[in-house]
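An overview of the molecular structure
These are the residues of each chain, in order.
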Amino acid sequence: MLHGIGGWQNCLYSKCTILAIPSFRDRIPVIVDEVTTLVGPGELIDVIITERGIAINPKRKDLLSAVKNSSLPIKSIHDLKKEVDEICGGASSKPKVNKNKVVAVVKWVDGTVLDSVFQVYPRKNVVLQKGGSE
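Residues numbered from 1 in each chain as written. Predicted model: local features only at pLDDT ≥ 70, side-chain atom pairs only at ≥ 80, totals over all residues. Heavy atoms only, no water.

**Considerations on the overall build of the protein chain**
Note the threshold: Elements are defined by DSSP. Helices are runs of H or I of four residues or more, strands are runs of E of two residues or more, and each kind is numbered from the N terminus. Surface exposure here means Shrake-Rupley accessible area, sampled with a 1.4 Å probe, where a residue is shielded only by the protein chains that are shown.
Within the protein chain, the secondary structure is distributed over two helices and eight strands. When its helices and strands are written in sequence order, the protein chain yields β-β-β-β-β-α-β-α-β-β. Within the structure as shown, the protein chain displays about 9,800 Å² of accessible surface, and the carbon and sulfur contribution to it stands at 54%.

Listed below in structure tokens is the structure:
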């Protein structure tokens, strides 16, 4: 896992959930068509803000209406993803995982298991730090 999920799941039931994220990390786009591990239901996220623009969940007609005449850089999530993919040279390849080796389990706030985290095979030509893993 690149980053811990922290306690942000508890915030997803707010009236307006806004994620402030970079559009990419180390030339890897953050906005993807399909995630490797589910840590929270995407439909509960209302707004994504990046340095390249703001994407509002199309189900939030109230928010879209409120910013309709603003000068904010509102974009669809698809346009934002396309722009970032072009900057990064395309979408990144999915990691290869060992579906037989679960290394962690992701639980929802009520204890429901959302997903499993599987062992990731190292990328070719990657030098691992002594004692570490990618």
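**Focus: the nonpolar core**
As a reminder, the rule being used: Here, nonpolar core means buried Ala, Val, Leu, Ile, Met, Phe, Trp, Tyr and Cys residues that are tied together by side-chain atoms lying within 4.5 Å of each other. Three labels apply to residues, based on accessible area from a 1.4 Å probe with only protein chains included: buried if under 20% of the type maximum, exposed if over 50%, partly exposed otherwise in between. Any two residues having at least one pair of non-hydrogen atoms within 4.5 Å are treated as being in contact.
Counting residues in hydrophobic clusters, the biggest one holds five residues: V47, I54, I56, L63 and V67. Residues contacting I56, with those up to four places away along its chain left out, are D46, V47, L63, L64, V67, I74 and K75.

**Digging into the sheet that holds strand β1 (residues 18–20)**
Sheets are built from strands paired through backbone hydrogen bonds, the pairs being either parallel or antiparallel. Inclusion rule: Two strands are said to pair when DSSP picks up at least two bridges between them.
Pairing is mixed in the open sheet, where four strands are placed in the order β1-β4-β5-β6. Each edge of the open sheet carries a strand with a single partner, namely β1 and β6 (74–75). In the sheet, β1 pairs with strand β4 (residues 47–50) via three bridges, with the strands oriented parallel. In the strand pairing of β4, I18 is matched with V47.

**Observations concerning the side chain of T17**
Here is the rule: The definition of a polar contact used here is a pair of N or O atoms within 3.5 Å, where within protein one atom must be able to donate a hydrogen and the other to accept one, and adjacent residues in sequence count solely through side-chain atom pairs.
Within the secondary structure layout, T17 lies in the segment before β1. Given a relative accessible area of 5%, T17 falls into the buried group. Polar side-chain contacts of T17 include one of 3.1 Å to the side chain of S14. Dropping the residues within four chain positions of it, T17 is found in contact with C11, L12, L44, I45, D46 and V47.

**Here we look at a nonpolar patch on the surface**
For the record, the criterion: The patches described consist of residues with a relative accessible area above 30% and no salt bridge, like charges being joined within 9 Å and nonpolar side chains (Val, Leu, Ile, Met, Phe, Trp, Tyr) within 5 Å. One speaks of a salt bridge when a side-chain nitrogen belonging to Lys or Arg is within 4 Å of a carboxyl oxygen belonging to Asp or Glu.
Nonpolar side chains collect at one region of the surface, where V32, V35 and L38 lie side by side and expose about 220 Å² of accessible area between them. Among the secondary structure elements, V35 is positioned in the loop between β3 (28–29) and β4. Residue classification places V35 among the partly exposed positions, given a relative accessible area of 48%.

**Considerations on the confidence of the model for the protein chain**
The condition that has to hold: The predictor attaches a confidence to each residue, and that confidence, scored 0 to 100, is pLDDT.
Looking at the protein chain as a whole, its pLDDT mean stands at 87, while 87% of the residues score no less than 70. For the protein chain, β1 is the element with the lowest average pLDDT, namely 90, and strand β5 (residues 53–56) is the one with the highest, namely 98.

**Looking at the pairing of strand β7 (residues 97–107)**
In this sheet, strand β8 (residues 113–120) lies alongside β7 in antiparallel orientation, the contact comprising seven bridges. Bridging from a neighbouring strand, V102 pairs with F118 of β8. Turn length for the β7-β8 hairpin, with the two strands adjacent in sequence and antiparallel, is five residues, and the turn residue G111 shows positive phi of about 95°.

**Some words on unusual backbone geometry**
Glycine aside, residues mostly have negative phi angles, and peptide bonds mostly take the trans form. Located in the positive-phi region is D26, a residue other than glycine, with phi close to 50°. Considering the arrangement of structural elements, one finds D26 in the loop between β2 (24–25) and β3. Even without glycine at this site, R27 takes up a positive phi of about 65°. As for its position among the elements, R27 is in the loop between β2 and β3.

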